[in-house]
Amino acid sequence: MSDKKFRLQIITPFQIKVDQQVDMVVMRCTTGDMGICPGHEDRSAVLTYGAFRILDGGTERRIAVYGGLAAVRDGDLTVLTHDAEWREEIDSARAAADRENAERRLQEAVDDIEIAKDQVLLRRALVQIEVSKDDSDQ
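Think of each chain on its own: its residues are numbered from 1, step by step along the sequence as written. Local features in this predicted model are restricted to residues whose pLDDT is 70 or higher, and side-chain atom pairs enter the listing and the counts only when it is 80 or higher, whereas totals over whole chains, interfaces and linings include all residues. Side-chain figures throughout are based on the complete set of non-hydrogen atoms in the structure, without hydrogens or water.

Draft legend 1. Main features of the overall build of the protein chain. Going along the chain from the N terminus, every DSSP run of H or I of four or more residues is numbered as a helix, and every run of E of two or more is numbered as a strand. Along the backbone of the protein chain there are two helices and eight strands. Helices (α) and strands (β) of the protein chain occur, in sequence order from the N terminus, as β-β-β-β-β-β-β-β-α-α. If you line up the protein chain on its principal axes, its C-alpha atoms span 50 × 30 × 25 Å. The buried share among the 138 residues of the protein chain stands at 38%. Across the protein chain, the fraction of contacts at a sequence separation of at least 24, relative to all contacts at a separation of at least 6, is 52%. Accessible areas in this description were obtained via Shrake-Rupley with a 1.4 Å probe; residue shielding takes into account the shown protein chains only. Taken as a whole, the protein chain presents about 8,200 Å² of accessible surface, with 47% of it coming from carbon and sulfur. Put simply, the protein chain has 19 plus and 27 minus side-chain charges, and the middle of one group is 1 Å from the middle of the other. Each residue's exposure class comes from its accessible area (1.4 Å probe, protein chains only) as a fraction of the maximum for that residue type: buried when under 20%, exposed when over 50%, partly exposed otherwise. Note on definitions: a residue-residue contact is assigned when non-hydrogen atoms from the two residues lie within 4.5 Å. His residues and chain termini do not enter the charge count, which takes Lys and Arg as positive and Asp and Glu as negative. Charge positions are represented by NZ for Lys, CZ for Arg, CG for Asp and CD for Glu.

Draft legend 2. The arrangement of unusual backbone geometry in detail. Backbone geometry places aspartate 74, a non-glycine residue, at a positive phi of 55°. Among the structural elements, aspartate 74 can be located in the loop between strand E6 (59–73) and strand E7 (76–80). Owing to a relative accessible area of 65%, aspartate 74 belongs among the exposed residues under this scheme.

Draft legend 3. Molecular detail of the nonpolar core. Counting residues in hydrophobic clusters, the biggest one holds 22 residues, and the most contacted among them are Leu8, Phe52, Ile54 and Leu77. Elements with a minimum of two residues in this core: strand E1 (6–11), strand E2 (16–22), strand E3 (24–29), strand E4 (32–36), strand E5 (43–56), E6, E7 and strand E8 (84–86). Working definition of a nonpolar core: buried Ala, Val, Leu, Ile, Met, Phe, Trp, Tyr and Cys residues. They are joined through side-chain atoms within 4.5 Å. Membership of the second largest hydrophobic core comes to seven residues, among which are Tyr49, Ala64, Tyr66 and Val131.

Draft legend 4. A look at the packing of aromatic side chains. Two aromatic rings from Phe, Tyr or Trp, using only the six-membered ring of Trp, form a pair when their centres are within 6.5 Å; if the ring planes differ by under 30 degrees the pair is stacked, by over 60 it is edge-to-face, and anything between is tilted. Going through the model one piece at a time under the given rule, you end up with one aromatic pair. Consider the ring centre and the ring normal. A charge sits over the ring if Lys NZ or Arg CZ is within 6 Å of that centre and within 35 degrees of that normal. In this arrangement the basic side chain of arginine 61 is found over the ring face of tryptophan 86, its NZ or CZ atom lying 3.8 Å from the centre. When the ring centre of tyrosine 49 is taken as reference, the NZ or CZ atom of arginine 123 above it lies at 4.7 Å.

Draft legend 5. Just the packing of helix H1 (residues 92–108) against helix H2 (residues 112–132), in detail. To define axes, lines are fitted to C-alpha atoms, for helices over the stretch in contact only, and angles between the resulting N-to-C directions are given on a 0 to 180 degree scale. Direction vectors running N to C along H1 and H2 enclose 150°, while the axes themselves pass 8 Å from each other. Comparing the axis directions of H1 and H2 gives the class roughly antiparallel. Here H1 runs over H2; the crossing is left-handed. Taking contact as the criterion, the partners of Ser92, Ala95, Ala96, Asp98, Arg99, Asn101, Ala102, Glu103, Arg105 and Leu106 in H1 are, on H2, Ile115, Asp118, Gln119, Leu121, Leu122, Ala125, Leu126, Gln128, Ile129 and Ser132. Classification convention: Asp, Glu, Lys, Arg as charged; Ala, Val, Leu, Ile, Met, Phe, Trp, Tyr, Cys, Pro as nonpolar; all other residues, Gly among them, as polar. A per-class count over the contact of H1 with H2 returns 10 nonpolar, five polar and five charged. Roughly parallel refers to an angle under 35 degrees, roughly antiparallel to one over 145, roughly perpendicular to one between 65 and 115, and oblique to any angle outside these ranges. By definition, turning the near helix anticlockwise from the far helix through less than a right angle yields a left-handed crossing, and turning it clockwise yields a right-handed one.

See the structure below:
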């Protein structure tokens, strides 16, 4: 692993969730997964709900990120997101219940707005379940 790192910031409207030097990240964008390493060219991307993987010093941590914008500028990555949760902040039983509830409601929904709301709830629950899994479960 290279000793080169870059600064990662993940910022929500309420707090800075991450502000550290890292080796690499993999983030879920609307166009697919994107990896960022030191020296990456400047670019921006629209994020969707997904597990955001942070690799540093041979370890990996995941944080649930719920949409937003990511920008690489001068080699550093800044993420502005609606919300983000670390594994330990997620109630996995609640996420499983939310998933079941959203799936049931989607089968019954007839209104486009209800369907859209339940799809968002389902996507959030699925990301929470993915991030809250023990690393040995993967």
